[in-house]
Each structure stands twice: as structure tokens, then as C-alpha cells.
Amino acid sequence: KQEVTQIPAALSVPEGENLVLNCSFTDSAIYNLQWFRQDPGKGLTSLLLIQSSQREQTSGRLNASLDKSSGRSTLYIAASQPGDSATYLCAVPNTGNQFYFGTGTSLTVIP
Amino acid sequence: KAGVTQTPRYLIKTRGQQVTLSCSPISGHRSVSWYQQTPGQGLQFLFEYFSETQRNKGNFPGRFSGRQFSNSRSEMNVSTLELGDSALYLCASSREPVTGYTFGSGTRLTVV
């Protein structure tokens, strides 16, 4: 069974700092990996989707990388802003379209 | 383009009752999945439907059921509610083959 781990569980940084969130998974036979953001009490907002054939994806200040062989993905956030404060989740699907989610990283950006 | 719509947003039910939650996927998305999110267990997969057929089911008791209609809208039902069923229930839709999921805002169910 796929297991997804996210480190750190919580992170607090001053505004403007660059930061990296980590995601690791045990089964490297994935066909994509998706990063989500969740605000308190809300649903999940998709940030980036990386297909297994890709090494990275970029959207604005966000950059996600994928290393299938080592079972790792990172989400890089540049020039963090208070509005980036949220919980960030990574997820990998199995062949049955079931997502395995990490436990998330709770990010607080201090103005 | 309209996103994934879940109704209602909030529900309060009494233990022993049953509840039905609704999810309207993005137009053209035929796969609909349901997840339960609790502080203790995180996000857990309930089931996935495609073209009105349940393709996958998570490890939940039979009190949790679902269905999908011909227009891809989906409902999930929980019978004989327990206090532990209090959670945020999230629905997600995707095109087939899977090119990434879009989630709705969720239904917050509170069982008292």
C-alpha cells in the first residue's frame, strides 16, 4: 500500500522567504503526483500536477519537482506572502484512481 | 467554467439518522470520487464512480454508500449516523484518463 509522508508537519516563516516543502512516497510506480492547498475548513485547491514523465512543473511563484526513483517530490515557494498561509498536501493516485494523501504541511507566513 | 459543486455546505444530524450528500462534477468529467477528512485520520478514500459504476471502494463500513447518475452527478449516503462520522466530506472529479483531480468545497457534517 502506498504511504505518503510530508515533512515538516508545520512551518512558520517571515514574509519574503523562499521555502521548500517535502513529500515522499513508498511506491515509485506512480503516473502522476498532485500538490494541493487547503485553507481552514475549505476544500482542496489544485496547485500543480506533475506527470511521471516530467521532472518539474512551475506556476507563478510555485515550482514542484518529482524524482520517482527516490520517491520524492518538493514544492518550492518563492518570495512567500501571508496569503500563502495554508495547509499544503501532496497526493499520488494508484491505478484505481484512488488518491493517497500525505498528512500535510501547515504553513504560516508572518507579515 | 463551473467547478465541482457540493451541497449542502453544512449539515447537522442526530446520531442514528441518515444523510445524503450531493456532488456535481465539472462538465465533461466522468469520474467522481469521495473522501472523508477528519483531524485524526486525515483524508481517506471512500469510493470512486465512473459512468454510473462504482470502480473502487475504500475501507469504510457498508453504512457508507454512493451512486452516480447518467449526468455524472453523484450522491453519497450515510445511514445510521455515528458521532465518528462527523467530518468534512470532499468530492473530486476528473476526466478519464486521470489528468488530475478538481475538488469541491466540501460538506461539513456534524453528528450530535
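Scroll up to find the structure this text is about.
If you're wondering where the values come from, they're calculated on a predicted model, not measured in any experiment.

> I tried to follow the nonpolar core on my own but got confused; where do I start?
Generally speaking, nonpolar side chains in soluble globular proteins are found buried as a group. In terms of nonpolar packing, the biggest core is built from 24 residues, with A:Leu33, A:Trp35, A:Leu75 and A:Tyr88 touching the most fellow members. For this core, the secondary-structure elements that each account for two or more residues are β3 (19-25), β4 (32-38), β5 (44-51), β7 (62-67), β8 (72-77), β9 (86-93) and β11 (105-110) of chain A. Core analysis: the next-biggest nonpolar cluster, separate from the first, contains 21 residues, B:Tyr49, B:Phe60, B:Met76 and B:Val78 among them.

> Help me out: how do you make sense of the layout of surface pockets in this one?
Regions of empty space are outlined by a rolling probe, equal in size to a water molecule, passed over the atoms. Considering only enclosed or pocket space, the largest pocket measures out at about 450 Å³ in volume. If one sorts the elements of the lining of the largest pocket by residue count, strand β5 (residues 42-50) of chain B sits on top with four residues. Of the residues contributing to the lining of the largest pocket, the split by class is seven nonpolar, nine polar and two charged. Counted as a void, the second largest pocket has a volume near 290 Å³. What lines the second largest pocket is a set of 15 residues, and nearest its centre among them are A:Gln38, B:Gln37, B:Thr38, B:Pro39 and B:Gly42.

> Is there a simple way to think about the pairing of strand β4 (residues 31-38) of chain B in this case?
Residues in a regular strand project their side chains so that they alternate between the two faces of the sheet. Residues and elements named next belong to chain B. Within β4, eight of the eight residues are buried, which leaves it mostly tucked inside the rest of the structure. Because side chains alternate across β4, one face comprises the buried residues Ser 31, Ser 33, Tyr 35 and Gln 37, and the other comprises Val 32, Trp 34, Gln 36 and Thr 38, equally buried. Where β4 and β5 come together, eight bridges link them in antiparallel fashion. Within the sheet, the bridge partner assigned to Trp 34 lies in β5 and is Phe 47. Where β4 folds back on β5, the antiparallel hairpin that results is connected by three residues. Of the strand pairs in this sheet, β4 and strand β9 (residues 87-94) are connected by seven bridges, and their pairing is antiparallel. Looking at the pairing, Trp 34 lines up with Cys 91 of β9.

> Sorry, what's going on with the state of the cysteines here?
Here, disulfide denotes a covalent bond that connects the sulfur atoms of two cysteines. All names here are of chain A. On inspection of all chains with the given rule, the structure shows two disulfides over all chains. The residue that forms a disulfide with Cys 23 is Cys 90, at a sulfur-sulfur distance of 2.0 Å. Disulfide Cys 23-Cys 90: torsion about the S-S bond near 75°, hence right-handed. You can see Cys 23 sitting in strand β3 and its partner Cys 90 sitting in strand β9, a full 67 residues away along the chain.

Rules behind the numbers
All residue numbers refer to position in the chain's written sequence, counted from 1. The order in which chains are written sets their letters, starting at A; the order in which ligands are written sets their numbers, starting at 1. In view of the model being predicted, local features appear only for residues whose pLDDT reaches at least 70, and side-chain atom pairs are presented and counted only at 80 or more, with totals across whole chains, interfaces and linings using the full set of residues. Side-chain calculation: all heavy atoms of the structure are included, whereas hydrogens and water are not. What is meant by a nonpolar core is a set of buried Ala, Val, Leu, Ile, Met, Phe, Trp, Tyr and Cys residues, joined one to another through side-chain atoms within 4.5 Å. Burial here depends on accessible area, computed with a 1.4 Å probe over protein chains only, as a share of the maximum for the residue type. Under 20% is buried, over 50% is exposed, and the range in between is partly exposed. Strands are runs of DSSP state E lasting at least two residues, helices are runs of H or I lasting at least four, and both sets are numbered from the N terminus onward. Using a grid of 1 Å spacing that covers the protein atoms alone, one calls a set of points a cavity when a 1.4 Å probe fits there but cannot get out, and a pocket when the set is open and has protein on both sides within 12 Å along at least five of seven lines; lining residues are those with an atom within 4 Å of a point. Grid points are joined across faces, edges and corners, and a volume is the space filled by probe spheres set on the points. Residue polarity follows a fixed list, in which Ala, Val, Leu, Ile, Met, Phe, Trp, Tyr, Cys and Pro are nonpolar, Asp, Glu, Lys and Arg are charged, and the others, Gly among them, are polar. Pairing between strands is defined by DSSP: at least two bridges between the two strands are required. The rule for a disulfide is simple: a pair of cysteine sulfur atoms within 2.5 Å.

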